[in-house]
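In case you want the letters, here they are:
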Amino acid sequence: MSGGAARRYVAAALGRARARGPPPLWEPPPARHLRALGTGGAAAALPLLLPPRRHLSSRNRPEGKVLETVGVFEAPKQHGKYETGQLFLHSVFGYRGIVLFPWQARLYDRDVASPVTEKSENVAGHGSKEVKGKTHTYYQVLIDARDCPHISQRSQTEAVTFLANHDDSRALYAIPGLDYVSHEDILPYSSTDQVPIQHELFERFLMYDQTKVPPFVARDTLCAWQEKNHPWLELSDVHRETTENIRVTVIPFYMGMREAQNSHVYWWRYCIRLENLDSEVVQLRERHWRIFSLSGTLETVRGRGVVGREPVLSKEQPAFQYSSHVSLQASSGHMWGTFRFERPDGSHFDVRIPPFSLESNKDEKTPPSGLHW
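Residues numbered from 1 in each chain as written. Predicted model: local features only at pLDDT ≥ 70, side-chain atom pairs only at ≥ 80, totals over all residues. Heavy atoms only, no water.

A.B. asks: Whenever I open this one, helix H4 (residues 220–233) confuses me. Can you help?
C.D. replies: Along an α-helix, residues three or four apart share an orientation, since each turn contains 3.6 residues. In H4, a bend of some 45 degrees at glutamate 227 exceeds every other bend along the element, and proline 231, a proline, comes one to four places later. If you check which residues of H4 are buried, you get Leu222, Trp225, Asn229, Trp232 and Leu233. (Bend = angle between axes of the 7 residues up to and from the residue. Helix = DSSP H or I, 4+ residues; strand = E, 2+ residues; numbered from the N terminus. Buried < 20%, exposed > 50% of the residue type's maximum accessible area, 1.4 Å probe, protein only.)

Below is the structure:
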């Protein structure tokens, strides 16, 4: 197979061809390897599919390190879903991970016209556009701890948080290296290593079984953890909108209720991913939120950047992902707003944040009390 044919095959298999070019930090293949900056670094490189084998290798960022084979590339699934135990590279952030279990979400894409509305949202204050929700698969995954330091500037590795116990002095706490990944961001590979992912929960949640495909199967502890924490882990709605080639994706999560000063306080976590679909470099400068509560209050929040950062989105590093939290003294509400970006010439433009609902679990019997095992 010629190099050009191999590249065309890979582009078709990945289904990730974008107007802006290949994913960040991908590089032309110098050998018969699918390479990634991993084993202490993280960023996928363009796979070259040549017989007899397709190897997945990784290399350290520190000088003096060499390529080490970590597995064999597999063709991404165009249909169906990945199973528990599937190893993968993240196509945007480049880290190594493993699938714990899938979630079926409803994706509300405001960039897609919806002539027929199956289920729609209409948030006051953000236009009257009705959006049809489509079923989309996401995965709960573990991130390889070796890659966390190298993606921390582009994606939070402690983004999945829980409410602490009532008697805990902390309001929130996180499980490091736990993430949600969309189906199209999975670049699957296989490995003969019985512990291919370094994470404190890997051997607690999964065990090696060479008779299975993939050969990592769920332990009872993973099944019990998923069942007990289902209300606080579940991903149900995903909202997406693009403004001037900046795509904003929002995923809200209900976290539970706490009593404070004789009132109920409801908590949500929301994860936001910003993607630059163009080649022009832009920088996030400001955020502007509007938060409506069922109790009738409307709060406006303005500030510099997000989570203390003003990320630059470029062709080489086109994405940034973070999580934050909001609390209301009502069981539901809505959020929407804008991000202000700056171009290299100093001009600014506003990017819409798609409106999303904050809904509590009406049938919850007991509030979450931290991490259940």
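Resuming the write-up.
A.B. asks: Which parts of the structure should I look at to understand the pattern of salt bridges?
C.D. replies: A side chain of one charge can pair with a side chain of the opposite charge if their charged atoms are brought near each other. All chains considered together, the criterion is met by 16 salt bridges. As a salt-bridge pair, arginine 240 and glutamate 184 come within 4.0 Å of each other at their nearest N and O atoms. Residue arginine 240 is found in strand E14 (residues 237–243), and its partner glutamate 184 is found in the loop between strand E10 (178–182) and strand E11 (186–190); the two are separated by 56 residues along the sequence. Given the relative accessible area of 27%, glutamate 184 is considered partly exposed. In this structure, arginine 304 engages glutamate 286 in a salt bridge whose closest nitrogen and oxygen atoms are separated by 3.9 Å. Here arginine 304 is found in strand E18 (residues 298–304), whereas its partner glutamate 286 is found in strand E17 (residues 282–293), with 18 residues between them in sequence. For glutamate 286, a relative accessible area of 30% corresponds to the partly exposed category. (Salt bridge = Lys/Arg side-chain N within 4 Å of Asp/Glu carboxyl O.)

A.B. asks: What exactly am I supposed to notice about the pairing of strand E21 (residues 332–342) here?
C.D. replies: When E17 meets E21, the two strands line up antiparallel, connected through 10 bridges. Considered in E21, the bridge of leucine 284 is made with phenylalanine 341. As paired elements, E21 and strand E22 (residues 348–359) share 10 bridges and run antiparallel to each other. Considered in E22, the bridge of phenylalanine 341 is made with phenylalanine 349. Two successive antiparallel strands, E21 and E22, enclose a turn made up of five residues, where glycine 346 displays a positive phi of approximately 95 degrees. (Pairing = 2+ DSSP bridges.)

A.B. asks: I keep staring at the environment of serine 357 and nothing clicks. Help me out?
C.D. replies: Relative to the helices and strands, serine 357 is located in strand E22. Each C-alpha atom, one on serine 357 and one on aspartate 237, is 8.9 Å from the other, the two residues being 120 residues apart in sequence. In contact with serine 357, other than residues within four places in its own chain, are His239, Pro252, Gly333 and His334. Within the local environment of serine 357, its side chain forms a polar contact with the side chain of histidine 334, the two groups lying 3.3 Å apart. (Contact = heavy atoms within 4.5 Å. Polar contact = N/O pair within 3.5 Å; in protein donor to acceptor, adjacent residues only side chain to side chain.)

A.B. asks: Could you clarify how one ought to interpret empty space enclosed by the protein in this entry?
C.D. replies: Rolled over the atoms, a probe with the dimensions of a water molecule shows which regions are left empty. Under the definition given, this model contains two cavities of 30 Å³ or more. Space inside the largest cavity adds up to approximately 50 Å³. Taken together, Ala159, Val160, Asp179, Tyr180, Phe253, Arg269, Cys271, Gln321 and Ser323 make up the lining of the largest cavity. Contributing elements (two or more residues each) for the lining of the largest cavity: E10, strand E16 (263–276) and strand E20 (319–328). (1 Å grid on protein atoms, 1.4 Å probe; cavity = no way out; pocket = protein on both sides within 12 Å on 5 of 7 lines; lining within 4 Å. Points joined across faces, edges and corners; volume = space filled by probe spheres on them.)

A.B. asks: Any chance you could explain the side chain of serine 323 here in plain terms?
C.D. replies: Assignment of secondary structure puts serine 323 in strand E20. Contacts of serine 323, omitting those with residues within four sequence positions, involve Gln156, Ala159, Arg269, Tyr270, Cys271 and Val307.

A.B. asks: Would you mind showing me how to read unusual backbone geometry here?
C.D. replies: It is generally the case that most residues other than glycine have a negative phi and that most peptide bonds are trans. Residue proline 214 is bonded to the preceding valine 213 through a cis peptide linkage, with omega at -5 degrees. Mapped onto the elements of the fold, proline 214 is located in the loop between strand E12 (206–208) and strand E13 (216–218). Its identity is not glycine, yet valine 307 carries a phi of approximately 40 degrees, on the positive side. Within the secondary structure layout, valine 307 lies in the loop between E18 and strand E19 (312–313).

A.B. asks: For this particular structure, what's the right way to read the environment of proline 355?
C.D. replies: Along the chain, the position of proline 355 falls in strand E22. For the pair proline 355 and methionine 335, spaced 20 residues apart in sequence, the C-alpha to C-alpha distance is 5.6 Å.

A.B. asks: It is not clear to me how the side chain of serine 191 should be interpreted in this structure. Could you clarify?
C.D. replies: The topology assignment puts serine 191 in the loop between E11 and helix H3 (202–205). At a separation of 3.0 Å, a polar atom in the side chain of serine 191 contacts the main-chain amide nitrogen of aspartate 193. For serine 191, the residues in contact, after removing those within four places along its chain, are Val70, Gly71, Leu87 and Pro196.

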